[in-house]
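Residues per chain, in single letters:
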Number of protein chains: 2
Amino acid sequence: MLAQTTLEEFTDRLAAGTPTPGGGSAAALSGALSAALLQMVSDLTIGREAYEAHGEAVRSVRGKAAALRKDLLALVDRDAQAYDGVVQARRLPKGTPGEKEARAAALARANLFATETPMAIAEHCAALIPLAVELAYKGNVNAVSDVGSAALLAYAGLRAGVMNVRVNLAGIADADRASRARERVRRLEVDAEKLREEALGAVFSRMSGR
Amino acid sequence: MLAQTTLEEFTDRLAAGTPTPGGGSAAALSGALSAALLQMVSDLTIGREAYEAHGEAVRSVRGKAAALRKDLLALVDRDAQAYDGVVQARRLPKGTPGEKEARAAALARANLFATETPMAIAEHCAALIPLAVELAYKGNVNAVSDVGSAALLAYAGLRAGVMNVRVNLAGIADADRASRARERVRRLEVDAEKLREEALGAVFSRMSGR
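These numbers were taken from a predicted model, which means no experiment stands behind them.

What counts as what
- Residue positions are given per chain, counting from 1 as you read along its sequence in written order.
- To label them, take the chains in the order written and letter them from A, then take the ligands in the order written and number them from 1.
- Reporting of local features is limited, given that this is a predicted model, to residues whose pLDDT is at least 70; pairs of side-chain atoms are given and counted only at 80 or more, and all residues count toward the totals for whole chains, interfaces and linings.
- The basis for the side-chain values is all heavy atoms of the structure; hydrogens and waters are excluded.
- Put simply, DSSP H or I for four residues or longer makes a helix, DSSP E for two residues or longer makes a strand, and each gets a number counted from the N terminus.
- Here the term buried applies to any residue with accessible area under 20% of the maximum for its type, exposed to any over 50%, and partly exposed to those in between, with areas from a 1.4 Å probe on protein chains only.
- With residues, only the protein chains shown are counted as cover, and all accessible areas are computed by Shrake-Rupley using a 1.4 Å probe.
- Computed over the protein atoms alone on a 1 Å grid, cavities are sets of points where a 1.4 Å probe fits but cannot get out and pockets are open sets with protein on both sides within 12 Å along at least five of seven lines; a residue lines them when it has an atom within 4 Å of a point.
- Grid points are joined across faces, edges and corners, and a volume is the space filled by probe spheres set on the points.
- Side-chain classes are defined by residue name, with Ala, Val, Leu, Ile, Met, Phe, Trp, Tyr, Cys and Pro counting as nonpolar, Asp, Glu, Lys and Arg as charged, and the others, Gly among them, as polar.
- Only heavy atoms matter for contacts: two residues are in contact if any of them lie within 4.5 Å across the pair.
- Defined in terms of a 1.4 Å probe, buried area is the accessible area two parts forfeit on being brought together, summed over both.
- What makes a salt bridge here is a side-chain nitrogen of Lys or Arg within 4 Å of a carboxyl oxygen of Asp or Glu, nothing more.
- Any pair of nitrogen or oxygen atoms within 3.5 Å is treated as a polar contact; in protein, a donor-acceptor pairing is required on top of that, and neighbouring residues in sequence qualify only through side-chain atoms on both sides.
- Lines fitted to C-alpha atoms define the axes, with helix axes restricted to the stretch in contact, and inter-axis angles between N-to-C directions lie between 0 and 180 degrees.
- These descriptions rest on fixed angle ranges, namely under 35 degrees for roughly parallel, over 145 for roughly antiparallel, 65 to 115 for roughly perpendicular, and the rest for oblique.
- In this scheme the handedness of a crossing depends on how the near helix is turned from the far one: anticlockwise by less than a right angle means left-handed, clockwise means right-handed.
- Only residues with pLDDT of at least 70 in both copies count here: their C-alpha atoms drive the least-squares fit that superposes the copies.

1. Notes on the overall build of chain A
Logical step 1: Check the secondary structure of chain A and you find six helices and zero strands.
Logical step 2: Helices and strands appear in chain A in the N-to-C order α-α-α-α-α-α.
Logical step 3: When burial is assessed residue by residue, chain A has 56% of its 210 residues classed as buried.
Logical step 4: Accessible area for chain A stands at about 8,800 Å²; split by element, carbon and sulfur atoms hold 51% of it.

2. What to know about empty space enclosed by the protein
Logical step 1: Counting across every chain of the model gives one cavity of 30 Å³ or more.
Logical step 2: Of the pockets and cavities examined, the largest cavity occupies roughly 40 Å³.
Logical step 3: Mapped onto the lining of the largest cavity, the elements with two or more residues apiece are helix 5 (144-169) of chain A together with helix 5 (144-169) of chain B.
Logical step 4: The class makeup of the residues in the lining of the largest cavity is six nonpolar, no polar and two charged.

3. Describing the interface of chain A and chain B
Logical step 1: The partner chain B presents 54 residues to the 54 residues of chain A that form the contact.
Logical step 2: Taking both sides of the interface into account, the surface hidden between chain A and chain B amounts to around 4,500 Å²; carbon and sulfur atoms contribute 69%.
Logical step 3: Counting the contacts that link chain A with chain B gives two salt bridges.
Logical step 4: As a salt-bridge pair, B:Arg69 and A:Asp12 come within 2.9 Å of each other at their nearest N and O atoms.
Logical step 5: Our enumeration of links across chain A and chain B arrives at 16 residue pairs in polar contact (both at pLDDT 80 or more).
Logical step 6: For the side of chain A that touches chain B, the elements supplying multiple residues, two or more each, are helix 1 (7-15), helix 2 (23-43), helix 3 (55-90), helix 5 and helix 6 (175-208) of chain A.

4. Some details on unusual backbone geometry
Logical step 1: Cis peptide bonds are those with omega within 30 degrees of zero, and the linkage from A:Thr20 to A:Pro21 qualifies with -10°.
Logical step 2: For A:Pro21, the location among the structural elements is in the loop between helix 1 and helix 2.

5. Some details on the packing of helix 3 of chain A against helix 1 (residues 7-15) of chain B
Logical step 1: Relative orientation of the contacting elements helix 3 of chain A and helix 1 of chain B amounts to 155°, with a least axis distance of 11 Å. Our classification of the angle between helix 3 of chain A and helix 1 of chain B gives roughly antiparallel. Viewed along their axes, helix 3 of chain A and helix 1 of chain B form a crossing whose handedness is right-handed. On helix 1 of chain B, the residues touching A:Arg69, A:Leu73 and A:Val76 of helix 3 of chain A are B:Leu7, B:Glu8, B:Thr11, B:Asp12 and B:Ala15.

6. Details of the environment of A:Met119
Residues and elements named next belong to chain A.
Logical step 1: Relative to the assigned elements, Met119 resides in helix 4 (residues 97-138).
Logical step 2: The spatial distance from the C-alpha of Met119 to the C-alpha of Arg184 is 9.1 Å, given a sequence separation of 65 residues.
Logical step 3: Apart from the residues lying within four places of it in its own chain, the contact partners of Met119 are Val165, Ala181, Arg184 and Val185.

7. Here we look at the relation of the copies chain A and chain B
Logical step 1: Rotating chain A by 180° about the axis while translating it 0.0 Å along that axis superimposes it on chain B, leaving an RMSD of 0.1 Å. Here the transformation between the copies is reduced to the relation of a two-fold axis. When C-alpha distances to the rotation axis are compared across chain A, the minimum falls at A:Thr6, with a value of 1.9 Å.
Logical step 2: The overlap is high: 100% of the interface residues of chain A also sit at the interface in chain B, so the same surface is used on both sides.

These values are about where atoms sit, not about what they do.
Structure follows, in structure tokens:
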């Protein structure tokens, strides 16, 4: 389990000249860091008198961020497994027509899984950004720069996830499915960029007003 | 040492409702992930016949990425220590005029360190982006999406680092120093955004040409 490796070991394994873990796992971890920061800021806000009016909203943000963090940490491993599947399918024998057919089917399945995993990473990172927007307005002002960092890390995780969706879509046979996935990630990117700007705008305005 | 905690422990500590580790440490880790990906892509390029012409350039990129990764991993810890210093200085007694003076001096020193550390994080992340540009053109095309992920993660680390520079600059007494730091981080952000766009443009063009 990559989640049980140390930061040093994980970056060593990421740096090694082997295909996994790669950009998808790094994207998922970036999302998990963002979720953790949102949880921290929530905890630095909940129960403080000055933010009493936002208590319920911030508790809800906290719960969602905690769930997304757990999933994103699991996705660090899942992305590496998904891409390992593609590498293994590529190595299947292709001597006879029967072998060729079996290899093509295995490769199609593996590529599909290798597209769905970074798509899940992108969706989870995208779900963090509205939480950052909410905390940018309602979170403890002394930790608002951490909300900004969270928005930036979620956005980077989202776009790195999308990059991995796009690269694996080339190996998908089903053109309709590929086209729907392309449309989906384009939408995620456009929406996330707007929300990231909103979060950063609110963060800067509250930082300068402290 | 945070570098020796597991991904799960580190994200737990980040999520805890305590000021450190916070956004600066997360920014440094994002940079370390970017550096690791650049090292991976270098290793997937060096020694391959198709990329022989770029061998020397890619070896140089690899060496720089490895050094930056090591520094960024150390900065994960250093940022937490730096901010702990600010928290401790704030807790110093301020009953007598002498105590007040000592506390103000300790706080000024701690704030300076808490500004210099995220500045170092931002500078290190900024130094990764030209390496991503180079690998976007010269790296193994099968791993070029990882170069894109690296550019995105370095940029997020840089901007999150800058966010932490700005928030701590408010506590710096020396106005000239603060103004120079503000100018420095503005320059880093502007330059990095241009280079990130160049890297992503080259990545997309090579991904679609595979």
